Amino acid sequence: MFIATLIASDHLSAGDISAGMDRLASSGCAPSVHGWIDAGKAADILFDAGPDAARTALEGAFTGVDIVVQAVAGRAKKLLIADMDSTMITVECIDELADYAGIKPQIAAVTEAAMRGELDFEAALDARVALLAGLEEAAIERCLAERVQIMPGAVALIATMRARGATAILVSGGFTRFAEPVAAQIGFHRAIANRLEIADGLLSGTVAKPIVGSDTKLQTLLAATAELGLLPEETLAVGDGANDLAMIKAAGLGVAYHAKPIVAAAAAARIDHGDLTALLYAQGIPRAEWVTN
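What this report covers is the structure whose coordinates are included nearby. (Residues numbered from 1 in each chain as written. Predicted model: local features only at pLDDT ≥ 70, side-chain atom pairs only at ≥ 80, totals over all residues. Heavy atoms only, no water.)

**A closer look at the overall build of the chain**
Argument step 1. When you go through the chain residue by residue, the secondary structure sums to twelve helices and twelve strands.
Argument step 2. A globule of 293 residues ought to have a C-alpha radius of gyration of about 19 Å, and the chain, at 20 Å, matches this closely.
Argument step 3. Along the longest, intermediate and shortest principal axes, the C-alpha atoms of the chain span 65 × 35 × 30 Å.
Argument step 4. Relative to its full complement of 293 residues, the chain shows a buried share of 53%.
Argument step 5. Taking the contacts inside the chain whose residues are at least 6 apart along the sequence as the reference set, 66% of them involve residues at least 24 apart.
Argument step 6. A total accessible area of about 11800 Å² is found for the chain, and carbon and sulfur atoms account for 52% of it. (Helix = DSSP H or I, 4+ residues; strand = E, 2+ residues; numbered from the N terminus. Rg over C-alpha atoms; globule rule 2.2 N^0.38 Å. Buried < 20%, exposed > 50% of the residue type's maximum accessible area, 1.4 Å probe, protein only. Contact = heavy atoms within 4.5 Å. Areas by Shrake-Rupley, 256 points an atom, 1.4 Å probe, with all protein chains shown as cover.)

Structure follows, in structure tokens:
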């Protein structure tokens, strides 16, 4: 048995649900029952077969509506592995840090290409960090205070999942000086990220090895799944860039969040319109049960 969740950024109508039922029926998915999670905002449709066909039938069919298709079994997730930059926060930290050095356009262009999968992530990170050599360490705290904003829905997502017994781990290709305070503010159990090397109050232009990249994210997911004794379908991974692809593909529910095209095309689910609370709706959790403080 499978479930398709329709999540509206604005309004979901009964007519949308009916049209979704028709689309699933026409695709041979054998829909059965449907019901609201939150009236006008999110709804579930149960169906018997063809999850890939269901995604094809529903994705893009309704304006401003995200679609999550998954098996009913394991819908409530017990482990979340999340990217940080442009996923749990609204910016790319290295780009904003580069702005304090006056070189944001050069670094941002490389970041964008790396996140699209056009460059080797580790080599691109080394190259960008090298351009920051000589920047005052104090710029890190300024950047954190002035530029880093938590993504809408992030706190509710983590607080609600933790209240239900889930483990949440932030794994970032960015830097510990950002990831650790961000993880603490949002409520993650722990954070894993790269360490900028600093000497005499200045950035050295290097990052400690080994670099936290795609494989680290994947291995963190696999190790935590084993350590917690979970089934693969009880895991959730979310990210936006090419270095998130491996963990997204390996998770029980892998979500591309406002993601680059290469990630959106490969992920089993994508959130293009809503905020991170869409991942609560994907687990069937209504707003009345969200933890928001």
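**Details of the side chain of D240**
Argument step 1. Along the chain, the position of D240 falls in the loop between β10 (235-239) and α10 (245-250).
Argument step 2. Only 3.3 Å separates the side chain of D240 from the side chain of T87, close enough to count as a polar contact.
Argument step 3. Dropping the residues within four chain positions of it, D240 is found in contact with D83, D85, S86, T87, E92, Y257, H258, A259, K260 and V263. (Polar contact = N/O pair within 3.5 Å; in protein donor to acceptor, adjacent residues only side chain to side chain.)

**A closer look at helix α9 (residues 214-227)**
Argument step 1. Its 14 residues place the ends of α9 20 Å apart at the C-alpha level, agreeing with the 20 Å of an ideal helix rising 1.5 Å per residue.
Argument step 2. The inward-facing, buried residues of α9 abut β5 (79-82), β6 (167-175), β7 (190-194), β10 and α10.
Argument step 3. Following α9 by one or two positions, G229 has its phi on the positive side, about 65 degrees. (Expected span 1.5 Å × (residues − 1).)

**Re the layout of surface pockets**
To locate leftover empty space, one rolls a probe as large as a water molecule over the atoms.
Argument step 1. As a volume, the largest pocket reaches approximately 180 Å³.
Argument step 2. In terms of lining residues, the largest pocket is bounded by 15 residues, among which R55, V69, Q70, A71 and G252 are the most central.
Argument step 3. Ranked by residues supplied to the lining of the largest pocket, first place goes to strand β4 (residues 65-71) with three residues.
Argument step 4. Residues belonging to the lining of the largest pocket are distributed by class as follows: seven nonpolar, four polar and four charged. (1 Å grid on protein atoms, 1.4 Å probe; cavity = no way out; pocket = protein on both sides within 12 Å on 5 of 7 lines; lining within 4 Å. Points joined across faces, edges and corners; volume = space filled by probe spheres on them. Nonpolar A, V, L, I, M, F, W, Y, C, P; charged D, E, K, R; others polar.)

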